[in-house]
Amino acid sequence: IVSLLTTIVIYRSNIFQNINNLEFSSLLLIVLFSSFLLISAYDLLAVYLVLEMQSLCFYAFASFKRNSAASTEAGLKYFILGSLASCFFLLGLSIIYGCFGTLNLNDLLILSSFTFDNNFYALNTLLFFAFLTVICVFLFKLGVFPFHWWQPDVYEGAPLSSTIIFVLIPKLVFFCFLTKYIYIHINNFGIIRDFFLISGILTVSVGSVFAIQQKRLKRLYIFSSIAQVGFLVIILVTDFLEGYAFLYFFLFVYLISSSLIWIFYSVLLDSMTKVKVFKSQGTEQILLSSLSNLFKKNKIWSFIFLVTFFSLAGIPPFAGFLAKFFVLFELLKNSYNFSTIFLTLISALSVYYYIRIVKILFFEPSKKVVNSLSLIFNGAIINLEYLIVSIGLIFLTVLFINPKILMLIAQKLALGVL
């Protein structure tokens, strides 16, 4: 569903960035196919092969604009770091196979249910290292602290359509497999809970702090998504059924909000390209100052921007408030009191850069760029995109009033993992 919602945005992004839609769509279909395989995989070797198939497409996506130095650099950086992560993933799999003689997840679940005493200290150490290595590879792909530092540069340098795919599509797939994998081993390695908690809190902190310093809209989006992923990682330390249900609830709300944000960015970038704001290809970077007093020029899109960012910030009456509330409530329920207080303070800090954008949209003095944009911006969207945005806004509002349907779906997904 997320892929279908973003297809129109990706298509129009490819058009104004002069990207071959046929080649791009072929790779996108391979990514979707590998995503379905990854969700269904129950053998770690099959998981590795599927990840490699998906990663090769991502490397091509990042460097799709061959005439852009930034895109080429992003693809090369992604390829080198992704290859290194694949090596560590294979290392972890080899240790697991050496200890248990199998890579099947069902068999590993049975074998991991036995606890080894102190006479098997070396075996316990090897298994812990292998388990942590595999988890770190997925945290690297999700951009979680301390593996987040590559993501802003790669995502910013990649074409817009590629960035939309990176931010939206893999998140659900990786968390589906990660929850399934953690459930197998978490009882034997309780220290992993602390690792997730610390990593998640630092991810939220780093994403929020660095987002405040950004002057470019796309980079601010990227750091904002890093902060949102931090909440998803933190919820992994809680009880399985309720924690996983809240994780999927948060993930769905995040995907809806992010889809609206990238639709807005795509339309704005398309408008700026048509009025020739950018002097040359490869320099398409929208500054926050370009949004100055946009409310006077286009009230509808300013309102969409306001609702979407308020939802991401966790401000009622939008679904993002419930998503963050459920995470904090589950942490309190599991006696993580200090972490809950700290997360609440960091969330309050993150509201600053959302409010800052609202201030620019509604109250900043008008810029010449926006004046030149207004004529094209009003007619730069097709009816289907209007429909997608309308449905997204309705969901963000209705889910706050009645979240039962989405929560039931999230609980069924959590039961499917268990």
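The present account deals with the structure reproduced in this document. Source: prediction; values computed, not measured. (Residues numbered from 1 in each chain as written. Predicted model: local features only at pLDDT ≥ 70, side-chain atom pairs only at ≥ 80, totals over all residues. Heavy atoms only, no water.)

Remarks on the packing of helix α2 (residues 21-40) against helix α3 (residues 44-62)
- Where α2 contacts α3, the axes come no closer than 9 Å and their chain directions differ by 155 degrees. Accordingly, the angle class assigned to the pair α2 and α3 is roughly antiparallel. Handedness of the α2/α3 crossing: left-handed. Residues Phe24, Leu27, Leu28, Ile30, Val31, Phe33, Ser34, Ser35, Leu37 and Leu38 of α2 lie in contact with α3, whose contacting residues are Val47, Val50, Leu51, Met53, Gln54, Cys57, Phe58, Ala60 and Phe61.
- Within the contact of α2 with α3, the residues separate by chemical class into 16 nonpolar, three polar and no charged. (Axes fitted to C-alpha atoms, helices over the stretch in contact; angles between N-to-C directions. Helix = DSSP H or I, 4+ residues; strand = E, 2+ residues; numbered from the N terminus. Parallel < 35°, antiparallel > 145°, perpendicular 65-115°, else oblique. Left-handed = near helix turned anticlockwise from the far one by under 90°. Contact = heavy atoms within 4.5 Å. Nonpolar A, V, L, I, M, F, W, Y, C, P; charged D, E, K, R; others polar.)

Observations regarding a nonpolar patch on the surface
- Together, Leu84, Phe88, Leu91 and Phe129 line one region of the surface with nonpolar side chains, adding up to about 360 Å² of accessible area.
- Sorting elements by how many residues they give to the nonpolar patch places helix α4 (residues 69-100) first, with three residues.
- Relative to the helices and strands, Leu84 resides in helix α4. (Patch = residues over 30% accessible without salt bridge, like charges linked within 9 Å, V, L, I, M, F, W, Y side chains within 5 Å. Areas by Shrake-Rupley, 256 points an atom, 1.4 Å probe, with all protein chains shown as cover. Salt bridge = Lys/Arg side-chain N within 4 Å of Asp/Glu carboxyl O.)

Structural notes on the pattern of salt bridges
- Per the counting criterion, the structure on display carries four salt bridges.
- Linking Arg219 and Asp153 is a salt bridge whose minimum nitrogen-to-oxygen distance equals 3.3 Å. Note that Arg219 is positioned in helix α10 (residues 217-234) and Asp153 in helix α7 (residues 151-157), a separation of 66 residues in sequence.
- With relative accessibility at 14%, the residue Arg219 sits in the buried group.
- Glu156 is paired through a salt bridge with Arg219; the nearest N and O atoms lie 2.5 Å apart. Taken together, the residues span a long stretch of sequence, with Glu156 in helix α7 and Arg219 in helix α10 at a distance of 63 residues.
- Residue Glu156 is classed as buried on the basis of its relative accessible area of 11%.
- A single salt-bridge network, built from bridges that share partners, covers Lys77, Asp153, Glu156, Arg216 and Arg219. (Buried < 20%, exposed > 50% of the residue type's maximum accessible area, 1.4 Å probe, protein only.)

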